Structure formats: C-alpha cells, structure tokens
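Survey of secondary and tertiary structure
Chain by chain, the residues:
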Amino acid sequence: MTIKLTKNEQRTRRHRRIRAKVSGTAARPRLAIFKSLTYFYAQLIDDTKGVTLVSSSDMGLKGKTKTERAKLAGAALAKAAKAKGVSAVVFDRGGFIYTGRVRAFAEGAREGGLVF
C-alpha cells in the first residue's frame, strides 16, 4: 500500500535530497529560498557557522506581479551581498521547481552580480 504525500511533503523530501549535497561556506554561502502563496523569501547562509549573512523578501514591494517582485528581491539580495563582500553563492532552490518566481529571482540575483 502506498501513501499519498501532499505537495508540501513532496517538496520537503526534494529539499532534503538537495540539502544532502548542497552546503554553504563563508567564501561561498548557500542562497536558500522559500516561497509562500503570497511572498518570496531568500537568505544567504554560512552553514559552517550556522549564521545568516543576508536576507531579502518581496514583502515591501507592492503593486507588481509576484514574478516581478521576486526579480526585484533577487536584485536587492545581490546588492546587499555585494555590500558584505559576497560575490559567489551556491543556489538552494528549496525543493521548488526552477520556473516562474524561482527563475525570476535567480535571474534578478545574477543581474545584480551574484555568480552561481
């Protein structure tokens, strides 16, 4: 008998598989993302120390589509990361499919100067 998993449980399993392979360091932190139905969140994490270096979200950006807000959040995170001296990161998509808001965020971060 197979057990039917919810979409969130499936995503959590995918994220655990990704996290087994992806880890951030001080020189190249992990760019972890999370998207809810309404907002998009991202943070740069140094896994060796267990600290968040920079975080960003699209909560303050109103009046645009979710995809446009995600792209602006990516650019804002890249700007804050550059100010902290971070230019290269490891992308952790959090089990989400690389399309839509996730892709827009990644493109915004790359346009802002992050390398991944």
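Residues numbered from 1 in each chain as written. Predicted model: local features only at pLDDT ≥ 70, side-chain atom pairs only at ≥ 80, totals over all residues. Heavy atoms only, no water.

**Structural notes on the sheet that holds strand S3 (residues 51-57)**
Taken together, the four strands give an open sheet; going across it, the order is S3-S2-S1-S4, and neighbouring strands pair in mixed fashion. The open sheet has two edge strands with one neighbour each: S3 and strand S4 (90-92). Going across the sheet, the axis of each strand differs from the next one's by a mean of 20°, ignoring polarity. As judged from the three bridges shared by strand S1 (residues 30-35) and S4, these two strands associate in the parallel manner. When the sheet's bridge partners are listed, Leu31 is paired in S4 with Phe91. Of the strands in this sheet, S1, strand S2 (40-46) and S4 touch helix H3 (residues 101-111), which is tilted by about 145° from S1. (Pairing = 2+ DSSP bridges. Helix = DSSP H or I, 4+ residues; strand = E, 2+ residues; numbered from the N terminus. Axes fitted to C-alpha atoms, helices over the stretch in contact; angles between N-to-C directions. Contact = heavy atoms within 4.5 Å.)

Just distances and angles here, no functional claims.
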